[in-house]
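Topology and contacts: notes
For reference, the chains in residue letters:
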Amino acid sequence: MVLLLFGPPGCGKGTQSRLITSWLKIPAISTGEMLRAEIQAGTALGQAAQSIMAGGGLVGDDLVNEMLLQRVSKPDCSPGFLLDGYPRTVEQAEYLDRVLDDLKMPPAVVLHLDVPNDALVGRMSSRRQCPKCSRVYNLLHQPPRVAGLCDDDATPLITRKDDREEVVRARLEMYDCLTRPVLAHYQHTDYFQIRGDRSPGYIFEEISGILEPRLGNVQQAMEAG
Ligand code: ADP
């Protein structure tokens, strides 16, 4: 099964990605995380992406598409995978269609986490992240057990540079102009809109209710094919 988590920055994609992939045992692919890893490693791609990301813009389609192709072609992705933060433009969505076709994977199931813009700015300013395992916390709704430290590996949590308010606003603008139009591309696929302004556990329950009946179909199709 290929899952696509869609929604504005700060809508809770990272949190749901963690819950879904530990349930389904499929890899989570976050292009944002991959780009941050490239920056940290000081690669040419990281250098190209750094200033764009710091300003809240989108990294070029060609760079991101190539990075995505390399990742989904790895053997751990053959049973399926979850995409978080990709595709973010219509061109990326068209590219993904071709990649899935080439890899003989089924079309993606699209889960759209919808949250009003007003709620997002506040959420992102209280967001903290573990720089080691990338787990995301929110000081208001999902604080770590010990203040300032990751529950999983006790690493001190950080605030992402692009979570500053003016950058957040630029990211939301990018989302409205370039990413929201991608939804039209998925009109005729398995598409589900989910209200993201509720607690993570409640949202996950809704998502698992959507996916559970589809898991059987996927298994049957794999056995038949
Ligand atoms: P969020 O969803 O909270 O904005 P991400 O970690 O997904 O955070 O992305 C952080 C930044 O990485 C984006 O603002 C953008 O600059 C870059 N980025 C991530 N994914 C893509 C993509 N698919 N296409 C272009 N740029 C991307």
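Because the structure is predicted, anything quoted here is derived from the model rather than measured. What you see as residue numbers is a count from 1 along each chain, following the sequence as written. Given that the model is predicted, a residue must reach a pLDDT of at least 70 before its local features are reported, and side-chain atom pairs must reach 80 or more before they are shown or counted; all residues, however, enter totals for whole chains, interfaces and linings. The side-chain values count all of the structure's non-hydrogen atoms but skip hydrogen atoms and water molecules.

**Considering the packing of aromatic side chains**
Our working rule: Ring pairs are drawn from Phe, Tyr and Trp, using the six-membered ring of Trp, whenever the two centres fall within 6.5 Å, and their geometry is named by plane angle: stacked under 30 degrees, edge-to-face over 60, tilted for the rest. Under the DSSP-based scheme used, a helix requires at least four consecutive residues in state H or I and a strand at least two consecutive residues in state E, with every element numbered from the N terminus. A simple rule labels every residue: compare its accessible area, found with a 1.4 Å probe on the protein chains alone, to the largest value its type can have, and call it buried under 20%, exposed over 50%, or partly exposed in between.
Taken as a whole and judged by the stated rule, the model has 2 aromatic pairs. Relative to Y175, the ring of F6 has its centre 6.1 Å away and its plane inclined at 55°; by these criteria the two rings are tilted. Here Y175 lies in helix α7 (residues 165-179) and F6 lies in strand β1 (residues 2-6), a separation of 169 residues in the sequence. Taking 5.9 Å as the distance between ring centres and 90° as the angle between the ring planes, the aromatic pair formed by W23 and F204 counts as edge-to-face. Residue W23 is found in helix α1 (residues 13-24), and its partner F204 is found in helix α9 (residues 200-224); the two are separated by 181 residues along the sequence. Residue classification places W23 among the partly exposed positions, given a relative accessible area of 28%.

**Focus: the side chain of T31**
Which entries qualify depends on this criterion: We define a polar contact as two N or O atoms separated by no more than 3.5 Å, with the added condition that, inside protein, one atom must be a possible hydrogen donor and the other a possible acceptor, whereas residues neighbouring each other in sequence contribute only through side-chain atom pairs. Contacts are residue-level and defined by heavy atoms, with any inter-residue pair within 4.5 Å sufficient.
When you line up the elements, T31 lands in helix α2 (residues 31-41). A polar contact is formed between the side chain of T31 and the backbone oxygen of G85, at a distance of 3.0 Å. Ignoring anything within four residues of it in the chain, the contact list for T31 reads V64, M67, D84, G85, Y86 and R88.

**A few points about empty space enclosed by the protein**
Over the atoms, a rolling probe the size of a water molecule traces out where space has been left empty. So the rule is basically this: The way it works is a 1 Å grid over only the protein atoms, where trapped points that fit a 1.4 Å probe form a cavity and open points with protein on both sides within 12 Å along at least five of seven lines form a pocket, and then any residue with an atom within 4 Å of a point lines it. Grid points are joined across faces, edges and corners, and a volume is the space filled by probe spheres set on the points. Each residue gets one of three labels, nonpolar for Ala, Val, Leu, Ile, Met, Phe, Trp, Tyr, Cys and Pro, charged for Asp, Glu, Lys and Arg, and polar for the others, Gly among them.
In this structure the tally under the stated criterion is 1 cavity of 30 Å³ or more. For the largest cavity, the calculated volume is near 70 Å³. Surrounding the largest cavity, L5, F6, G7, P8, P9, K13, G85, Y86, P87, R88, Y175 and T179 form its lining. Put simply, the parts of the chain that give the lining of the largest cavity at least two residues each are β1 and α7. Classifying every residue of the lining of the largest cavity gives 7 nonpolar, 3 polar and 2 charged.

**Some details on the nonpolar core**
Soluble globular proteins: nonpolar side chains tend toward being buried together. Quick reminder of the rule: Only buried Ala, Val, Leu, Ile, Met, Phe, Trp, Tyr and Cys residues count toward a nonpolar core, and they belong to the same one when joined by side-chain atoms within 4.5 Å.
Counting residues in each nonpolar core, the largest one holds 29 residues, and the members touching the most others are F81 and L96. Put simply, the parts of the chain that give this core at least two residues each are β1, α3 (44-54), α4 (61-72), β3 (81-84), α5 (90-102) and α8 (182-185). If sequence neighbours within four positions are ignored, L96 has contacts with L4, L68, L83, Y86, P87 and Y186.

**Things to note about the packing of helix α6 (residues 117-125) against α7**
The condition that has to hold: Angles run from 0 to 180 degrees between N-to-C directions of axes, and those axes are lines fitted to C-alpha atoms, restricted for helices to the stretch in contact. Each angle is binned into one of four classes, with values under 35 degrees roughly parallel, values over 145 roughly antiparallel, values of 65 to 115 roughly perpendicular, and all other values oblique. With the far helix as reference, a near helix turned anticlockwise by less than a right angle produces a left-handed crossing, and one turned clockwise produces a right-handed crossing.
Closest axis-to-axis distance for the α6/α7 pair is 10 Å, and the angle between their directions is 140°. Here α6 lies oblique to α7, going by the angle between them. The chirality of how α6 crosses α7 is right-handed. On α7, the residues touching N117, L120, V121 and M124 of α6 are E165, V168, R169, R171, L172 and D176.

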